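Read off the chains here:
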2 protein chains.
Amino acid sequence: MGVLERVPARRGKGAVALAQPAIEADRLIKGDCIAEMAKLPDACIDMIFADPPYNLQLGGDLFRPEGGMVDAVDDDWDKFDTLAAYDAFTHAWMKEARRILKPNGTIWVIGSYHNIFRCGVVLQDQGFWILNDIVWRKANPMPNFRGTRFTNAHETLIWASQSEDSKYTFNYRAMKTLNDELQMRSDWVLPICGGQERLKRNGTKAHPTQKPEALLYRVLLACTKPGDVVLDPFFGTGTTGAVARRLGRKWIGIERDDTYCEVALERIAASLPLDESAIGIMQSPRQAPKVAFGTLVETGYLEPGAILTDVKRRWKAHVRADGSLACEGLNASIHKVGATLQGAPSCNGWTFWHYEADGDLKPIDALRQTYLLATQP
Amino acid sequence: MGVLERVPARRGKGAVALAQPAIEADRLIKGDCIAEMAKLPDACIDMIFADPPYNLQLGGDLFRPEGGMVDAVDDDWDKFDTLAAYDAFTHAWMKEARRILKPNGTIWVIGSYHNIFRCGVVLQDQGFWILNDIVWRKANPMPNFRGTRFTNAHETLIWASQSEDSKYTFNYRAMKTLNDELQMRSDWVLPICGGQERLKRNGTKAHPTQKPEALLYRVLLACTKPGDVVLDPFFGTGTTGAVARRLGRKWIGIERDDTYCEVALERIAASLPLDESAIGIMQSPRQAPKVAFGTLVETGYLEPGAILTDVKRRWKAHVRADGSLACEGLNASIHKVGATLQGAPSCNGWTFWHYEADGDLKPIDALRQTYLLATQP
DNA sequence: ACTGCGCCTGAATCTGACG
DNA sequence: ACGTCAGATTCAGGCGCAG
């Protein structure tokens, strides 16, 4: 690797911008996730996707809290002990996760009611800023055979940034496109992992809780850019790696279990990267090149003196040679004039103002689109 | 009152069966919920439904795209200085709630990602046993106006018993009947509270966060028996009381705010106990499941990069990773691209676009049907 | 009376680049 | 760090009014 990239300095006061070598990626690390994350440098990961265990068995997995334990208010000591151990484990891995995550990176954690509340609290307590909780609504969940509760038909994901003012990645347009031109909501209906996709080993399922690729697909498409480095500290059979590879993202997996490692590596090798042209997603206008209104005047797309109106023809404004707009004694930018006339705090002049063409009113944004098509390579 | 009932002894070892007078019910207590619960005897309540403050921590004003301002929840009762202060408050009211709840009673708590994780942890830490987490999927949530996150389209409810071996009430058959003979799942689609149901005071909403009666209806129908006593420590405008009365359950409400108390009492007085035969109208109609084109890409029914054509093979388009279609410089949804290419105002992309299978052209709608068949119960 | 269009509203942690 | 300003951004349902 050795590619240098600039990392924005947002880690506390007085931090300086650092040039950091990109981390070596597309690899599986065999070992304990806390110990292995500890070996990674600060701020090297763009996104962490974590599917932590919640059925910590007594014995090997049981994690002892390091500090003095708070007095249990309750008599249920055994349960408290187990919960405290789980919290300590969660604090430990999330602390490392937070350290290696870039300032503008985000973390996803998935779980069920057994553990997701505890994960959410530790995230908040460590200073992560929750952006959404997402409900994966399973299209085909396992029924509740005994009829004693509601069918447990969903799992919960938490999406969080490092801090309240992080500049995180969210591909809004891509999500809206993926959802037939409606905003993507916080509830996702997706089938559970089964059929061909479910990995087998000796005829039985290779992993008890393999996640569907469609779930990771949406997560990675929404919140990473091509080339971003995604780390999964509980890699299992490598769904995160397989989807990252398909979508042109880099991945790092950490997994303790030998068999899971084997299965994951085979699987990822077999998953083909998508063609570059297919990975493309709808860009936000935010990321499109900007066109000043004045440019349209300069280049003749609009004549100085042209008349613009709002869609209801309530106001009539004149375009001036410098790209400003004159209307009812006002003379300012297309946005300001629109806002002032409406008495609104702000206004998008591009969609507010219209020009007449063939008897129709069209928003001046259409002119901008025409200009962009004509001038972009 | 004065009716005696037997309370099974399940409070730790060596407890004896107690005969307790039934608590006075169907009343509103004005005051602080912690202080007022403290005055109630042990083990006198069958169910607690709690809608505590969410601790939203909103920033500045938020404007809608068309200029209007969002009427945010900025009430003093929702403000806490720190997460620790919120936790302390939660511990305090839940401790009293646990004491007054019968051994076989259950508690419901509703919240959003701002507070629900903390509520869940306190429940677990106090020894409550979580039975389900329920997702209320809002049919008509407020959109995310700035396109910065996923639309926050749900709230979460936690249902918990006093302990792992409680003999709690769950009316399995009633839920299955309510759900068209399918097991009731952990995700409930219900509209938010609006229209006639939304209580007004001087022309504006009487309470910023009034819950829909349909939500309480399902909760009470599922987890209480007729005659049970339901307590709501954050009574607000009394949705819990109104529904309890309709369903023949007894209720106790605790509320600090004078105006909320007034509104609640008026409302409950006006809510008539329900005739058995009227219950049917509460059933929400099953909705035809919608499938976004992007879902077919996510779930592998179509690969990114796949080629689609119209039935006359006049145009050739490429499927992209986000479920958009690329064709002749255009990149948009299946419907928009179809419309633009034909110069039509609109186009049903599902029937317009075809894929090739075994030398035949098939509409992509066929894939949608296949997907539905595979994922619907 | 019915239809269609426009307006209003709902628990919201809701901008970002540049100087 | 802070101020300024360009400009990007919404879905479903209920209700009233016009035709």
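In this report, the structure presented in the accompanying data block is examined. (Residues numbered from 1 in each chain as written. Chains lettered and ligands numbered in written order. Predicted model: local features only at pLDDT ≥ 70, side-chain atom pairs only at ≥ 80, totals over all residues. Heavy atoms only, no water.)

## Remarks on the packing of helix H6 (residues 239–246) of chain A against helix H7 (residues 258–270) of chain A
Residues and elements named next belong to chain A.
Link 1 in the chain: Where H6 contacts H7, the axes come no closer than 9 Å and their chain directions differ by 15 degrees. Taken as axis vectors, H6 and H7 run roughly parallel relative to one another. For H6 against H7, the interelement crossing comes out right-handed. Contacts between H6 and H7 involve Thr 239, Gly 241, Ala 242 and Arg 245 from the former and Arg 267, Ile 268 and Ala 269 from the latter.
Link 2 in the chain: Of the residues belonging to the contact of H6 with H7, the class tally is 3 nonpolar, 2 polar and 2 charged. (Axes fitted to C-alpha atoms, helices over the stretch in contact; angles between N-to-C directions. Helix = DSSP H or I, 4+ residues; strand = E, 2+ residues; numbered from the N terminus. Parallel < 35°, antiparallel > 145°, perpendicular 65-115°, else oblique. Left-handed = near helix turned anticlockwise from the far one by under 90°. Contact = heavy atoms within 4.5 Å. Nonpolar A, V, L, I, M, F, W, Y, C, P; charged D, E, K, R; others polar.)

## Quick notes on unusual backbone geometry
The bulk of non-glycine residues show a negative phi, and the bulk of peptide bonds are trans.
Link 1 in the chain: A positive phi angle is found at A:Asn202, which is not glycine, with a value near 55 degrees.
Link 2 in the chain: Residue placement: A:Asn202 occurs in the loop between strand E9 (200–201) and strand E10 (204–205).
Link 3 in the chain: For B:Asn55, which is not a glycine, the phi torsion comes out positive at approximately 55 degrees.
Link 4 in the chain: With respect to the helices, strands and loops of the structure, B:Asn55 is situated in the loop between strand E4 (45–50) and helix H2 (83–100).

## Side note on the protein's contact with DNA strand C
Residue and element names in this part refer to chain B.
Link 1 in the chain: Inspection of the region around DNA strand C gives 39 residues, with Arg 64, Tyr 113, Arg 146, Arg 198 and Lys 205 positioned closest.
Link 2 in the chain: Within the backbone of Arg 146, one N or O atom sits 2.6 Å away from a base oxygen of DNA strand C.
Link 3 in the chain: Pro 208 places a polar main-chain atom, nitrogen or oxygen, 3.2 Å from a phosphate oxygen of DNA strand C.
Link 4 in the chain: Of the residues contributing to the surface near DNA strand C, the split by class is 18 nonpolar, 8 polar and 13 charged. (Near = heavy atom within 4 Å. Polar contact = N/O pair within 3.5 Å; in protein donor to acceptor, adjacent residues only side chain to side chain.)

## Details of the interface of chain A and chain B
Link 1 in the chain: Contact residues are listed per partner, giving 74 residues for chain A and 78 residues for chain B.
Link 2 in the chain: Taken together, both faces of the contact between chain A and chain B bury some 6,600 Å²; the carbon and sulfur share is 53%.
Link 3 in the chain: Of all residues in chain A, A:Phe117, A:Arg149 and A:Phe150 bury the most surface against chain B, accounting for 13% of the area lost on that side.
Link 4 in the chain: There are 6 salt bridges connecting chain A and chain B. (Buried area = accessible area lost by both parts, 1.4 Å probe. Salt bridge = Lys/Arg side-chain N within 4 Å of Asp/Glu carboxyl O.)

## A short note on the protein's contact with DNA strand D
Link 1 in the chain: Every one of the 25 residues lining DNA strand D counts as a neighbour, but A:Tyr172, A:Lys176, A:Gln183, A:His335 and A:Arg368 are closest to it.
Link 2 in the chain: The sugar and phosphate moieties of DNA strand D supply 61% of its atoms located within 4 Å of the protein.
Link 3 in the chain: Contact between DNA strand D and A:His335: a phosphate oxygen at 2.6 Å from a side-chain N or O atom of the residue.
Link 4 in the chain: B:Phe145 places a polar main-chain atom, nitrogen or oxygen, 3.4 Å from a base oxygen of DNA strand D.
Link 5 in the chain: Here the surface near DNA strand D is built from residues that sort into 11 nonpolar, 9 polar and 5 charged.

## What about the pattern of salt bridges?
Link 1 in the chain: According to the stated counting rule, one finds 38 salt bridges over all chains in the structure shown.
Link 2 in the chain: Across the pair A:Asp125 and B:Arg118 runs a salt bridge whose closest N-O atoms are separated by 2.7 Å. Here the residue A:Asp125 occupies a position in helix H3 (residues 116–125), and B:Arg118 occupies one in helix H3 (residues 116–125), the pair thus bridging two chains.
Link 3 in the chain: On the accessibility criterion, A:Asp125 (44% relative accessible area) is partly exposed.
Link 4 in the chain: Taken together, the shared-partner salt bridges in this structure form one network comprising A:Arg137, A:Arg185, A:Asp187, B:Arg137, B:Arg185 and B:Asp187. (Buried < 20%, exposed > 50% of the residue type's maximum accessible area, 1.4 Å probe, protein only.)

## Some remarks on the environment of A:Leu28
All names here are of chain A.
Link 1 in the chain: Here Leu 28 shows up in strand E3 (residues 27–30).
Link 2 in the chain: Sequence spacing of Leu 28 and Ala 264 is 236 residues, and the spatial spacing of their C-alpha atoms is 8.7 Å.
Link 3 in the chain: Other than its neighbours up to four places away in sequence, Leu 28 contacts Phe 235, Trp 251, Gly 253, Ile 254, Glu 255, Cys 261 and Leu 265.

## Looking at the packing of aromatic side chains
Link 1 in the chain: Enumeration according to the criterion identifies 37 aromatic pairs over all chains in this entry.
Link 2 in the chain: Here the aromatic rings of A:Phe117 and B:Phe117 are separated by 6.4 Å at their centres, their planes lie at 40 degrees, and the arrangement is tilted. Here A:Phe117, found in helix H3, pairs with B:Phe117, found in helix H3, and the two come from separate chains. B:Phe117 matches A:Phe117 in its accessibility class, with the two residues each being buried.
Link 3 in the chain: Judged by centre distance (5.4 Å) and plane angle (85 degrees), the ring pair of B:Trp159 and B:Tyr168 falls under edge-to-face. Judged on exposure class, the residue B:Trp159 and its partner B:Tyr168 are both buried.
Link 4 in the chain: Taken together, A:Trp108, A:Trp159, A:Tyr168, A:Phe170, A:Tyr172, A:Trp188 and B:Phe150 form an aromatic cluster joined through their ring pairs.
Link 5 in the chain: Above the ring of A:Phe128, the side-chain terminus of A:Arg98 is found at 4.7 Å from the ring centroid.
Link 6 in the chain: Across the ring face of B:Trp136, the terminal group of B:Lys138 is positioned such that the distance to the ring centre comes to 5.1 Å. (Phe/Tyr/Trp six-rings, centres within 6.5 Å; stacked < 30°, edge-to-face > 60°. Lys NZ or Arg CZ within 6 Å of the ring centre and 35° of its normal.)

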